Amino acid sequence: AVLRDFCLSRGLGDVYKRQALNTYQNEIYQGCLETAQHLGSKRAKQYCRCVTIMVTDKYTISQLERAALMSQEKQSEMFSFAVNYCNVNARAPGD
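We now turn to the structure provided with this report. (Residues numbered from 1 in each chain as written. Predicted model: local features only at pLDDT ≥ 70, side-chain atom pairs only at ≥ 80, totals over all residues. Heavy atoms only, no water.)

Assigned secondary structure in the chain consists of four helices and zero strands. Beginning at the N terminus, the succession of helices and strands in the chain can be written as α-α-α-α. Burial statistics for the chain: of 95 residues in total, 26% are counted as buried. Across the chain, contacts joining residues at least 24 apart in sequence account for 58% of those joining residues at least 6 apart. (Helix = DSSP H or I, 4+ residues; strand = E, 2+ residues; numbered from the N terminus. Buried < 20%, exposed > 50% of the residue type's maximum accessible area, 1.4 Å probe, protein only. Contact = heavy atoms within 4.5 Å.)

As structure tokens, this is what we get:
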């Protein structure tokens, strides 16, 4: 019963983390869409989904929150891997 309870609580923790991350991903995605409309609606949605997935797969929420306080130049350096990839690919790896 102890192992089962641990597994259940662990599973609920994972679900909570996914929900929090998905909420955070949505905030990043929406912010990206606001600045990517020059790509056209369909491409902006593909690009922003790709960048959002790649960035949130690489960095924790707290790392992303710290990045939000950095200069635009530092943010560009930090996220260039995703921007460069998503500029030429419609989907993030594994999406």
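Now that the structure has been shown, the text picks up again.
On to the state of the cysteines, then. Within the structure shown, the criterion is met by two disulfides. Note that C32 is cross-linked by a disulfide to C48, the S-S spacing being 2.1 Å. Because the sign of the S-S torsion sets the handedness, a value of about -75 degrees for the bond joining C32 and C48 places this disulfide among the left-handed ones. With C32 in helix 1 (residues 2-36) and C48 in helix 2 (residues 41-58), this pair connects stretches of sequence that are 16 residues apart. The two residues C32 and C48 agree in class, both being buried. (Disulfide = S-S within 2.5 Å.)

Before going further, it helps to examine the pattern of salt bridges. Counted under the stated rule, the structure contains one salt bridge. Across the pair R49 and D95 runs a salt bridge, and its minimum N-O distance is 2.7 Å. Of this pair, R49 sits in helix 2 while D95 sits in the segment after helix 4 (72-88), and the two are 46 residues apart along the sequence. We classify R49 as partly exposed; its relative accessible area is 45%. A relative accessible area of 32% means that D95 is categorised as partly exposed. (Salt bridge = Lys/Arg side-chain N within 4 Å of Asp/Glu carboxyl O.)

Taking 1.5 Å of rise per residue, 18 residues should cover 26 Å, and helix 2 covers 26 Å from first to last C-alpha, within 8% of that figure. Every buried residue belonging to helix 2 is among A44, Y47, C48, C50, V51, T52, I53, M54, V55 and T56, and all of these are buried. (Expected span 1.5 Å × (residues − 1).)

Once that is clear, we can look at the packing of aromatic side chains. Under the counting rule described, the total for this entry stands at two aromatic pairs. Taking the centre distance of 6.0 Å and the plane angle of 75 degrees together, the rings of Y59 and F79 count as edge-to-face. Of the two residues, Y59 sits in the loop between helix 2 and helix 3 (61-67) while F79 sits in helix 4, which places them 20 residues apart along the sequence. When sorted by exposure, Y59 lands in the same class as F79, which is buried. The interplanar angle of 65 degrees and the centroid separation of 6.3 Å between the aromatic rings of Y59 and F81 together place this pair among those described as edge-to-face. Linking Y59 in the loop between helix 2 and helix 3 with F81 in helix 4, this pair joins segments that are 22 residues apart in sequence. Judged by relative accessible area, which is 26%, F81 ranks as partly exposed. Aromatic ring contacts, followed pair by pair, group Y59, F79 and F81 into a single cluster. If you follow K58 out to its NZ or CZ, it ends over the ring of F81, 4.4 Å from the centre. (Phe/Tyr/Trp six-rings, centres within 6.5 Å; stacked < 30°, edge-to-face > 60°. Lys NZ or Arg CZ within 6 Å of the ring centre and 35° of its normal.)

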